[in-house]
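Observations on chain architecture
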Amino acid sequence: MKRAGVLLLGALPVIAAGVYLAVPDDSADSADTSAASSSSSATAPSTRDDAKDRAEKEREADDALIADLPPGLAAPAKKELAQQLVSSAENSTTKWRTAYGSIEDVGDGDGYTAGIIGFCTGTHDLLTLVERYTEAHPDNGLAGYLPALREVDGSDSHEGLDPGFTAAWKAEAQVPAFRAAQEEERDRVYFEPAVRLAKLDGLGTLGQFVYYDAMVFHGPDTDAEGFYGLRERAMAKARTPGQGGSEKAYLDTFLDVREQAMRAKRPGIDTSRVDTAQRRFLAAGNLKLSTPLVWEMYGDTYRVP
């Protein structure tokens, strides 16, 4: 999974400061600038408040729309199915609850991949998980690794983590609170945003899962290779059902865009999670993701009765 677009957000204050410092230090101009700044300062809070109010109203309208829709992938049985499908790709088993303590470097450039959803030391989500968990449980067995996790974030380095981090992760995974923390972070960062947006795009249960799996693999990023970037590219080629388009045609397009991104990032990658799972369900017209399901992942066959 990939880091969210925090670097761009972090750069904005620097850009603003650069513009301000470029104003010539001339007395007349300074007076004008001061007056303009005062006027701007007077109106800026109002503008920000208006934008905040609009955003809150839009969210309320979205919430009302979603509340009238079927639960879809958020229904308990479907959510369980979603975790089984993702786990078959991430951990080669549908028994996803066996993966809390899994941890290894799979050589993909993201450092250690760990836990039920593949949190990575190099992609910020594992760091965020441990930080949030430590806030609630300060004396946990991973807290001592936080300085090292911050140092290696954004890289594939193990510096400061070896040799004890993997053992500490496996030990902490025996703690019910840490298992719950993994599930909460999975839902907060990946499951809930993906299902919400899919519903707003007019997608049914299968489409909601397609978004969720893409969010897990590509990360909740706005760049070209992140989930939101992929969605924008797909929407440029096909209309969503919410825009009056065909659900099947849009999902076909989204999966095309996603597969291209997977191959561009990792040439030769096995795209089973798209080709012999999601495309298979779509070709069968199973937009409700109804069971029984049969799919293949990396040459293995899985079944849910």
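Description of the structure in this document. (Residues numbered from 1 in each chain as written. Predicted model: local features only at pLDDT ≥ 70, side-chain atom pairs only at ≥ 80, totals over all residues. Heavy atoms only, no water.)

1. Side note on the overall build of the protein chain
- Each helix and strand in the protein chain was counted, giving 11 helices and 5 strands.
- By residue count, 42% of the 305 residues in the protein chain fall in the buried class.
- Of the contacts formed within the protein chain by residues at least 6 apart in sequence, a portion of 59% connects residues at least 24 apart.
- Split by element, the accessible area of the protein chain, about 15300 Å² in all, is 54% carbon and sulfur. (Helix = DSSP H or I, 4+ residues; strand = E, 2+ residues; numbered from the N terminus. Buried < 20%, exposed > 50% of the residue type's maximum accessible area, 1.4 Å probe, protein only. Contact = heavy atoms within 4.5 Å. Areas by Shrake-Rupley, 256 points an atom, 1.4 Å probe, with all protein chains shown as cover.)

2. A closer look at the pairing of strand β4 (residues 293–297)
- By the alternation rule, side chains of β4 split into Leu 293, Trp 295 and Met 297, which are all buried, and Val 294 and Glu 296, of which none is buried.
- Two strands pair when backbone bridges link them, and β4 and strand β5 (residues 300–304) are joined in this way by 5 bridges, in the antiparallel orientation. Across the sheet, the residue bridging to Leu 293 is Val 304, located in β5. (Pairing = 2+ DSSP bridges.)

3. A short note on the packing of aromatic side chains
- For the structure shown, the criterion picks out 15 aromatic pairs.
- Measuring from centroid to centroid gives 5.1 Å for Phe 227 and Tyr 228, while their planes differ by 75 degrees, and the two rings are edge-to-face.
- Through a chain of ring-to-ring contacts, three or more aromatic side chains come together here, namely Tyr 112, Tyr 133, Tyr 145, Phe 165, Trp 169 and Phe 178.
- Sitting above the plane of the Phe 191 ring, Lys 79 keeps its charged end 5.0 Å from the centroid.
- Cation over ring: Arg 186 sits above Trp 96, and NZ or CZ is 5.1 Å from the ring centre. (Phe/Tyr/Trp six-rings, centres within 6.5 Å; stacked < 30°, edge-to-face > 60°. Lys NZ or Arg CZ within 6 Å of the ring centre and 35° of its normal.)

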